[in-house]
Amino acid sequence: MPTDRDIVQLMFDFLQGKNAAGLIFDGPHPLSLTADQAWIAIHRIQELNCALSDTIERCGNCGDLYDSDSEGIYDESVSPFNFCGDPCRPEVCHAD
Ligand SMILES: [Zn+2]
């Protein structure tokens with residue numbers, strides 16, 4: 001059973017021209033958005049309805065997706081403000 005994160009990841013990858021789901025097209029993959037463009041599309045869909053879980057966020061540092069229900073950090077004192085985990089927080093990244 002795919003998780004919400006799996007489903008959003010699949011959509012995120014699909015919008016960037018990847019096809020992990022093995023979908024069949026009449027020609028080449030019809031899409032090739034950048035990661036930022038793909039995330040804008042997903043974020044808008046999340047806001048519009050319940051088809052995609054709105055707890056799936058994109059890390060402001062590494063760009064990976066994560067489920068804010070069970071992982072990640074939200075910290076408005078830094079920018080970007082959402083991270084998949086401690087190693088991605090700017091003050092941790094630059095601590096060395
Ligand atoms: Zn991250």
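Owing to the predicted nature of the structure, the values given are computational and were not obtained by experimental measurement. (Residues numbered from 1 in each chain as written. Predicted model: local features only at pLDDT ≥ 70, side-chain atom pairs only at ≥ 80, totals over all residues.)

*Asks:* Teacher, can you tell me more about the overall build of the chain here?
*Replies:* Within the chain, the regular secondary structure consists of three helices and four strands. Helices and strands in the chain line up, N terminus first, as α-α-β-β-β-β-α. Across its three principal axes, the chain shows a C-alpha extent of roughly 50 × 30 × 25 Å. With 96 residues in all, the chain has 15% of them scored as buried. When contacts within the chain are restricted to residue pairs at least 6 apart in sequence, long-range pairs at least 24 apart make up 33% of them. (Helix = DSSP H or I, 4+ residues; strand = E, 2+ residues; numbered from the N terminus. Buried ≥ 20, exposed ≤ 12 C-beta atoms within 10 Å, placed from the backbone. Contact = placed C-beta atoms within 7 Å.)

*Asks:* Looking at this structure, how should I read the nonpolar core?
*Replies:* Soluble globular proteins: nonpolar side chains tend toward being buried together. Of all hydrophobic cores here, the largest spans ten residues; its members are Val8, Phe12, Ala38, Ile42, Ile56, Leu65, Tyr66, Phe83, Cys84 and Cys88. Of all the secondary structure elements, the ones that give two or more residues to this core are helix H1 (4–15), helix H2 (35–48) and strand E2 (65–67). Per-domain counts for this core show at least three residues from each of domain 1 (1–54) and domain 2 (56–96). Those residues within four positions of Phe12 in sequence are excluded, and the remaining contacts are Ala38, Trp39, Ile42 and Leu65. (Core = buried A, V, L, I, M, F, W, Y, C linked by C-beta atoms within 7 Å. Domains from an automatic or database assignment.)

*Asks:* What is the right way to look at the environment of Ala41 in this model?
*Replies:* Positionally, Ala41 belongs in helix H2. A sequence separation of 23 residues divides Ala41 from Asp64, and the C-alpha atoms of the two residues are 16 Å apart. Setting aside its immediate chain neighbours within four residues, Ala41 contacts Leu15 and Leu33.

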